[in-house]
Amino acid sequence: MDTNDIVQIHRKSWHGKPWHGKPFYSLDAYCKNTYGEKVYKIALKGGYTCPNRDGTLGRRGCLFCSEGGSGDFASADIEQGLALLSGKKTGHKYIAYFQSYTGTYGSLSYLEALYRNALAEDAVVGISIATRPDCLGEPVLNLLKQLKEEYPLKFIWMELGLQTIHETTATHIRRGYSLLVFEKAVTDLAALQIPVICHLILGLPGETREMMMASAAYLNTRTVWGVKLQLLHVLEGTDLAAEYRAGQYTPLTFEEYLDIVVPCIEILSQAGTVIHRVTGDAPKDLLIAPMWSLNKKKVLNAITAALQGW
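Not measured: the values here are computed from a predicted model. (Residues numbered from 1 in each chain as written. Predicted model: local features only at pLDDT ≥ 70, side-chain atom pairs only at ≥ 80, totals over all residues. Heavy atoms only, no water.)

(A) Spatial organisation of the overall build of the protein. If you tally the helices and strands in the protein, you get 11 helices and 9 strands. The buried share of the protein, taken over its 310 residues, is 54%. Approximately 13,900 Å² of the protein is accessible, and the part contributed by carbon and sulfur atoms is 53%. (Helix = DSSP H or I, 4+ residues; strand = E, 2+ residues; numbered from the N terminus. Buried < 20%, exposed > 50% of the residue type's maximum accessible area, 1.4 Å probe, protein only. Areas by Shrake-Rupley, 256 points an atom, 1.4 Å probe, with all protein chains shown as cover.)

(B) The arrangement of the sheet that holds strand β8 (residues 274–277) in detail. Ordered in space as β1-β2-β3-β4-β5-β6-β8, the 7 strands form an open sheet in which the pairing is parallel. Whereas interior strands pair on both sides, the edge strands pair on one side only; in this sheet they are β1 (39–44) and β8. Each neighbouring strand pair of the sheet contributes to a mean axis angle of 25°, computed without reference to strand direction. In this sheet, strand β6 (residues 226–231) lies alongside strand β5 (residues 196–202) in parallel orientation, the contact comprising 6 bridges. From the neighbouring strand, Ile197 faces β6, where its bridge partner is Gly226. (Pairing = 2+ DSSP bridges. Axes fitted to C-alpha atoms, helices over the stretch in contact; angles between N-to-C directions.)

(C) Geometry of helix α7 (residues 179–191). Look at α7: 19 Å from first C-alpha to last across 13 residues, which is about the 18 Å you get at 1.5 Å a residue. Tucked into the core, α7 has its buried residues touching α5 (138–150), β4 (155–163), α6 (167–172), β5 and α8 (209–219). A positive backbone phi angle near 60° is found at Gln193, which sits one or two residues after α7. (Expected span 1.5 Å × (residues − 1). Contact = heavy atoms within 4.5 Å.)

(D) Layout of the environment of Gly106. Relative to the elements of secondary structure, Gly106 occurs in the loop between β2 (93–98) and α4 (108–119). Sequence separation between Gly106 and Tyr48 is 58 residues; the distance between their C-alpha atoms is 6.1 Å.

(E) Expanded view of the pairing of β5. Of all the 7 residues making up β5, 7 are buried; the element is thus mostly covered by neighbouring parts of the structure. Here β5 shows two buried faces, one formed by Val196, Cys198, Leu200 and Leu202 and the other by Ile197, His199 and Ile201. In terms of strand pairing, β4 meets β5 through 5 bridges, oriented parallel. Its bridge partner lying in β5, Glu159 is registered against Ile197. Handedness of the crossover joining β5 and β6 through α8: right-handed. (Right-handed = clockwise from strand over helix to strand, strands pointing away.)

Structure, rendered in structure tokens:
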């Protein structure tokens, strides 16, 4: 079955889904269906680093990664995050999201304290941990298993940064692990019944539309529960910025992104995947390109219109 067949199957399955007005099953829809209200995500800085920055694998991080390790908007701790969101008028439940750097990269006792502190909050319905698939050794898996058993009414999600299935691209962006490592991590987490959210980046250097769609289609063959589709941003202070200024990298245009992200959403949705993100945010003071991405409302409206119009 090719991607066009998959898209046609998904189009026929849209009707009657409790997707709360969106043409795909979003994280917001999942939370409303599960908890009966809007659930807010609290992005957190865990205080750890990354093997791609501390010298274990490298010191410059991935090609696109900023100094903040993707946690530029994160709060220092769960208490600060709860305080920032306390004024919301709708929804009183939260997800503690360990966003920056590598969320399982630290001493086991330190990680356990972080996770327990978040899970102990009454308003927190679960935790989501962003990490690398090569940082899920047996001690970490055992800790996750223990916490899952101790907090049966709360969830633990793992967010794995795959970015692409193509090894040539992975080498260029200095990802630092093979596709086989990702597959093992997904298998190990599935054995613990811990849902996996996969990060894919659209617009990576050298990738064609077909390559990006192949990465999306590949996830339908794995035990992946959720997906984040991220537009590649060129941020100040990254090696990608140097490539961009040297004329070695051209970001996607608005039209090109729509032409890629829409079929990717359809490919993923046909397998029942929860779509957690369809574009992403970048700090205004760091963003170099593409500047059109700052108008997030326009981007989201265009994606919705394109999906509803097919």
